[in-house]
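Coordinate analysis (summary)
What follows is each chain in one-letter form.
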Amino acid sequence: MTQRDTEVQLTRYRTERAVLPLTGRSVWLVLDDETLEIMPEARDFALHLNGAGKSENTIRTYLPRVAVFLNWADTSPGCDWRTVTVKQLARFKWHLEARPALVEAATIGGRGERSTRSAGTVNQYLTAVFEFLRYCGRAGLIDQAVSKRLVEPRHLRHMPASFDAGERGQFRFARVKELRARETSRPPETLTAAQVGHTISAAIRIRDAFLLLLLSETGMRIGEALGLRRSDMHFLPDSTTLGCELAGAHVHVVRREDNANGALAKSSHGRHVPVGGEVVRAYRDAQIERESVAHATDSDYVFVNLWAGEIGAPMKYSAAYGLVQRAGRRADVNHLHPHLFRHTAATHWIENDTPIDVAQTLLGHASPASTSRYTHTSNERMRAAVERGAATVKVVE
Ligand SMILES: [Zn+2]
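Since this is a predicted model, take the numbers as computed values, not measurements.

Examining the nonpolar core
Phe210, Phe235 and Phe303 are the most contacted members of the largest nonpolar core, which has 49 residues in total. Secondary structure elements with two or more residues in this core: helix H8 (193-202), helix H9 (206-218), helix H10 (222-226), strand E5 (250-253), helix H11 (277-291), helix H12 (317-330), helix H13 (339-351) and helix H14 (356-363). Looking at this core, the element that brings in the most residues is H9, giving 7 residues. In this structure, Ala46, Leu96, Phe130 and Leu133 belong to the second largest nonpolar core, which totals 41 residues.

What follows is the structure, given as C-alpha cells:
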C-alpha cells in the first residue's frame, strides 16, 4: 500500500458531484464514508449558495474546501468542527500552509494541488470554511457563537445586535487576524509582443483573430467583449452622425444586465476605449466573413456563433475560451486564457509611462488600487532612471 492509499483511508469526507435529474444542474455533495450518507449541513450549505445566486463554479470550489476542513477537524484530537475555536482554526490555517496536499488530493478526487499553497489559496480555503460556519450558525445548525467569535469585534461595534454580515458576505474579510494569510502580490503574468502576434496569426477564423486583436489592444475583459453590440463600435473618424461627440475610432463598453450569453461588463459605469486602424480593418473583415454565413447577421451582437452552436446567437464564454486556448496551442503559448491579454495590455501601458489614472480609465477599474498591481517596476526601468540621473551628475575629484 502506498503512502497515498493510507491517506485516502484516513479521510472520512469526500466531495462528489451529482446531477439533478429534473434540471440537469450539478450539485456538489459531501459524503460521509463512515455512515455512507450525504453530510446534511454541507448539503444545506450548497443549496443555500445555489439559492443565493452563487455561480456553479463558486459552489464547485467551496464544497471541496469545506470537506478538507471537515477531514482536518475529524482527525485533529479534541476538535469538533461544530464548536471550532479561533485557536483551532489557526492550526487549520497552519496545516493548509505547511502540509503537503495529500489528504486534499484524495478528497477532491485526485485534483488537489500537490505543492505548497500560496497565501491567496489559503485565504480562499478559509473564506469557504468561514462562509460555511457562518451559514451553519445562522441556520441554527451550530451555536451561532461559534461563527461570531471568528469575526473581529471592532468591525461590528456599531452594528445592531441582529447584525447580519449579508448574503453577499461583504463582511467576510473582517475575520480575526489569526485567520488571515498574508498575501504577497506578484506582478500578473503577461505575454510577450511576439506571443500576442503569433496567437493572433494562429487564429483560423477572421472573427477569432479580431477578438484576440481587440482584447490585446483595448485590454477589455472577455465578458465585456462578448457583450458588445454592433452599435457600440464607433469606427468612423467622426461619430457625430451616430450621436457621439468623441473623435476617432473607439468602442463603447456598456454594462447590460440582459445579455443573452450571460456576458456582463464588470464596471457599472460605461467607458469608451480608443482603437487603432488595425482593429478597425479586422472588424470590417470580420463583418464580411459574418455576412457570408446565413442568419449570422440577425443579431446585433458583435461576436456570434458562425460555425458551431446556434448560428447567429451571441458567443458564450466557453466558446470564446476554447478558441483562445486553441489559438494559444497553435502558437505554442501554453495555458493561454483571455485575461492574459488584459494583463499584457495593462502592463504594456504602464511600462510605456501611461499615467495610472489613464490606465485606470482604460481598464475600467473602479479603484486605482486595482490598477496599481501593474505598476511593478522592472529592474531595467530602475537602471534607466538611475542612468538618466547619473548623466546630470558631475563627479568632482
Ligand atoms: Zn462613441
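So much for the structure itself; the text now carries on.
Let's talk about the coordination of the zinc ion
The protein atoms that coordinate the zinc ion are His234 (ND1), Cys244 (SG), His250 (NE2) and His252 (NE2), at distances spanning 2.0 to 2.2 Å. Each of the 4 donor atoms bound to the zinc ion contributes to angles spanning 103 to 118°, and the resulting shape is tetrahedral. Spacing between the donor residues of the zinc ion along their common chain follows H-x9-C-x5-H-x1-H. Each member of the pair, His250 as well as His252, is classed as buried.

Some remarks on unusual backbone geometry
Phi is mostly negative for residues that are not glycine, and the peptide bonds are mostly trans. You will see that Leu36, though not glycine, has its phi angle at about 60°, which is positive. Even without being glycine, His295 reaches a positive phi, approximately 65°. Its location among the elements puts His295 in the loop between H11 and H12.

About the criteria used
Residues numbered from 1 in each chain as written. Predicted model: local features only at pLDDT ≥ 70, side-chain atom pairs only at ≥ 80, totals over all residues. Heavy atoms only, no water. Core = buried A, V, L, I, M, F, W, Y, C linked by side-chain atoms within 4.5 Å. Buried < 20%, exposed > 50% of the residue type's maximum accessible area, 1.4 Å probe, protein only. Helix = DSSP H or I, 4+ residues; strand = E, 2+ residues; numbered from the N terminus. Donors = N, O, S within 2.8 Å, 3.2 Å for Na, K, Ca; no water. Tetrahedral: all angles 85-135°; square planar, octahedral: opposite > 155°, others 65-115°.

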